[in-house]
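Residue-level structural notes
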Amino acid sequence: SKMSNKLSTFMESGIYRFDDTNAVFIDPVRVLNRSYNRFKVSPSAYYSRFFEESKQTAKESSNSRKRKRKEKKKSHPLNERERAADQRHQELRPLLVKAHESLLRATDLLEVMSNLRGGLDSSPSKCGGLSSPRVQQSFVELGRVWQAPLYEITLKFHTTIKQNEDGGSPIKENFEQRVFPVFDNLVVNETGDEVEAEFLNSQYILPPDSGFYMSDLGQIHNLIPAESDCGFNLIVVDPPWENGSARQKSRYPTLPNRYFLSLPIKQLSHNKGALVALWVTNREKLRGFVEEELFPAWGVRYMATFYWLKVKANGSMVGDLDLFHHRPYECILLGQCYGEKNSEDLPRFKTLKNNQIIISVPGDYSRKPPLGELLLEYITGINPTRCIELFAREIIAGWVSWGNEPLHFQESRSFTRG
Ligand code: SAM
């Protein structure tokens, strides 16, 4: 059968744009893999939650049944903030439903989606992840000990040398090793190829043209460029918001809101302006904090809100759209920041369409889909664009990643040899 144009574009780019709505479907694995050469993000590792399906679906659905019962029981009238949250949800609801309906109509896409994690033979136990120890490094813990400044990472720059001029001869692989402090240091791969790295007997893959700075919040000022025309044009922030869930606490440490007020967004911004994208949870109190305190403190002017609608591989939403405390979507608040300069006579970004909806199948707990390409469309007339992700857990080609565990998803066992 002949593939539709949209589907073949999706197969290559990982992005499927629906005509009739403000919505796109993205496959993070395809998007990420466009910038990898010798290695590929393993779909079965990315969509690992689907491999524990038998265990988890049962558990999760019983949890959600419990939740529903709990929410039904709790029939007290909504307080003012809950009413505001509910109103926001009611206004958004038809847009989400419409976007979801476009997904359900795209039968060619749904067919590919059902197989996003790849064939069964790509399960990690068989040949998916490259072999490495099962224990995951806790960068957060290591970064706190007094020896942290002594820890080093070895980067193995890959070169191939043709042994013999007249082709047909074997290519000799060569690695040039260089050692860098792993904490409180900007480690960069300026080459157009992946670099394999080793840290405490674990292997990591650094994508082409990327960098990371692994530190606590207290060191973030070290990323402020000396010249403001070297600042960043795209800043994505996914803070470790507190939300009281014990499940979250066991995954990574969280911080009270006041800590985010001092993030040097203005100082990190390019003097020609930066587009700032902030992930927020659905708590109404948080929305107020961002609009009234956080964005003003950062010097960011609010522009638009995007939504991430989470679906399962079969196309259904991950949860009931109307479950009050467990929405199957999250928000991204977008704004612009003009650094220290007066914003009056500076170029504006292409107008952002409000309420765009990004649909994807979630990866690991709290892992967000890569938005870079969708956001870069709005940044025109600035070349090359410099991008940074704050509180990152992965490293992306063309970006600098900062956080206390930016190597988290770069472990070689999440990759296959491409
Ligand atoms: N966007 C990420 C992703 O897609 O995987 C998830 C980010 S998660 C919401 C927040 C991150 O902030 C966690 O990795 C957490 O360890 C980190 N974090 C918490 N406290 C921090 C601190 N004091 N300094 C730096 N990073 C911190």
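What this report covers is the structure whose coordinates are included nearby. (Residues numbered from 1 in each chain as written. Predicted model: local features only at pLDDT ≥ 70, side-chain atom pairs only at ≥ 80, totals over all residues. Heavy atoms only, no water.)

Asp216, Asp238, Arg393, Asn404 and Glu405 are the nearest of the 20 residues found near the ligand. Here an oxygen atom of the ligand and a side-chain polar atom of Arg393 are 2.7 Å apart. Between an oxygen atom of the ligand and a side-chain N or O atom of Glu405, the distance comes to 2.6 Å. Contact with the protein chains removes 97% of the 610 Å² of surface that the ligand exposes when unbound. (Near = heavy atom within 4 Å. Polar contact = N/O pair within 3.5 Å; in protein donor to acceptor, adjacent residues only side chain to side chain. Areas by Shrake-Rupley, 256 points an atom, 1.4 Å probe, with all protein chains shown as cover.)

Here we take up the sheet that holds strand E16 (residues 399–403). One open sheet holds the eleven strands; their spatial order is E1-E2-E14-E12-E13-E11-E10-E15-E16-E9-E6, and the pairing between them is mixed. Of all the strands in the sheet, the pair left with one neighbour each is strand E1 (15–17) and strand E6 (186–189). Across the sheet, the mean angle from the axis of one strand to that of its neighbour is 20 degrees, orientation sign disregarded. Bridge count for strand E15 (residues 387–390) against E16 is four bridges, and the pairing is parallel. Among the inter-strand pairings, Cys387 is bridged to a residue of E16, identified as Trp399. The sheet contacts of helix H1 (residues 5–13) involve E1 and strand E2 (23–26), and relative to E1 the element is tilted by about 150 degrees. Of the strands in this sheet, strand E10 (234–237), strand E11 (274–280), strand E12 (300–310) and strand E13 (329–337) are in contact with helix H11 (residues 284–298), which crosses E11 at around 155 degrees. (Pairing = 2+ DSSP bridges. Helix = DSSP H or I, 4+ residues; strand = E, 2+ residues; numbered from the N terminus. Axes fitted to C-alpha atoms, helices over the stretch in contact; angles between N-to-C directions. Contact = heavy atoms within 4.5 Å.)

Okay, H1 next. Listing the buried residues of H1 in full gives Leu7, Phe10 and Ser13. Each buried residue of H1 lies within a common arc of 140 degrees when the element is viewed along its axis, so the set occupies one face. Residues of H1 that are exposed and angled more than 90 degrees away from the buried face: Asn5 and Glu12. Elements in contact with the buried residues of H1: E1, E2, helix H2 (28–33) and helix H6 (107–113). Gly14 sits one or two positions beyond H1 and adopts a positive phi of about 85 degrees. (Buried < 20%, exposed > 50% of the residue type's maximum accessible area, 1.4 Å probe, protein only. Arc of directions from axis to C-beta.)

This part takes up the nonpolar core. Residues Phe25, Leu109, Ile235, Ile265, Trp298 and Leu390 are the most contacted members of the largest nonpolar core, which totals 90 residues. Residue contributions to this core peak at seven residues, all from E11. Beyond its immediate stretch of four places on either side in the chain, Trp298 contacts Val237, Phe260, Leu261, Leu263, Ile265, Lys266, Val276, Leu278 and Cys337. Core analysis: the second largest hydrophobic core is formed by 18 residues, Ala148, Phe199, Ile395 and Leu407 among them. (Core = buried A, V, L, I, M, F, W, Y, C linked by side-chain atoms within 4.5 Å.)

Once that is clear, we can look at the environment of Cys337. Note on placement: Cys337 falls in strand E13. For Cys337, a relative accessible area of 0% gives the class buried. Here the alpha-carbon distance between Cys337 and Val300, two residues 37 residues apart in the chain, equals 4.5 Å. Residues contacting Cys337, with those up to four places away along its chain left out, are Ile265, Lys266, Ser269, Gly273, Ala274, Val276, Trp298, Gly299 and Val300.

This paragraph deals with the packing of helix H5 (residues 80–105) against H11. Two quantities define a packed helix pair, namely the angle between the helix axes and the distance between the axes. Between H5 and H11, the shortest axis-to-axis distance is 9 Å and the interhelical angle comes to 85 degrees. Classified by the angle their axes make, H5 and H11 are roughly perpendicular. For the pair H5 and H11, the contacting residues are Arg81, Ala84, Ala85 and Arg88 in the first and Glu284, Lys285 and Arg287 in the second. Of the residues in the contact of H5 with H11, the class split is two nonpolar, no polar and five charged. (Parallel < 35°, antiparallel > 145°, perpendicular 65-115°, else oblique. Nonpolar A, V, L, I, M, F, W, Y, C, P; charged D, E, K, R; others polar.)

A few words on unusual backbone geometry. Non-glycine residue Asn201 carries a positive phi angle of around 65 degrees. Mapping Asn201 onto the fold places it in the loop between strand E7 (195–199) and strand E8 (202–206). Asn201 sits in the exposed class, given a relative accessible area of 61%.

As a further point, take the environment of Asp86. Looking at the element boundaries, Asp86 is found in helix H5. Exposure remark for Asp86: the relative accessible area of 23% places this residue in the partly exposed category. Along the chain, Asp86 and Ile332 lie 246 residues apart, while their C-alpha atoms are 18 Å from each other. Aside from chain neighbours lying at most four places away, what touches Asp86 is Leu78, Phe324 and Arg327.

Tallying each qualifying case throughout the model produces 17 aromatic pairs. Seen in terms of ring centroids, Tyr151 and Phe199 are 5.9 Å apart; in terms of plane orientation they differ by 85 degrees. Their pairing is edge-to-face. On the criterion of sequence distance, the pair formed by Tyr151 in the loop between helix H7 (139–142) and strand E4 (152–162) and Phe199 in strand E7 is long-range, its members being 48 residues apart. Plain terms: the ring middles of Phe183 and Phe199 are 6.4 Å apart, the flat faces sit at 85 degrees to each other, and that makes the pair edge-to-face. Of the two residues, Phe183 sits in the loop between strand E5 (171–181) and E6 while Phe199 sits in strand E7, which places them 16 residues apart along the sequence. Residue classification places Phe199 among the buried residues on the basis of a relative accessible area of 1%. (Phe/Tyr/Trp six-rings, centres within 6.5 Å; stacked < 30°, edge-to-face > 60°.)

Inspection of the secondary structure assignment puts Ala23 in strand E2. What makes Ala23 buried here is its relative accessible area of 2%. A C-alpha to C-alpha distance of 39 Å links Ala23 and Asp184, two positions 161 residues apart in sequence. Discounting residues that sit within four places of it in the chain, Ala23 has contacts with Tyr16, Arg17, Phe18, Ala99 and Ile357.

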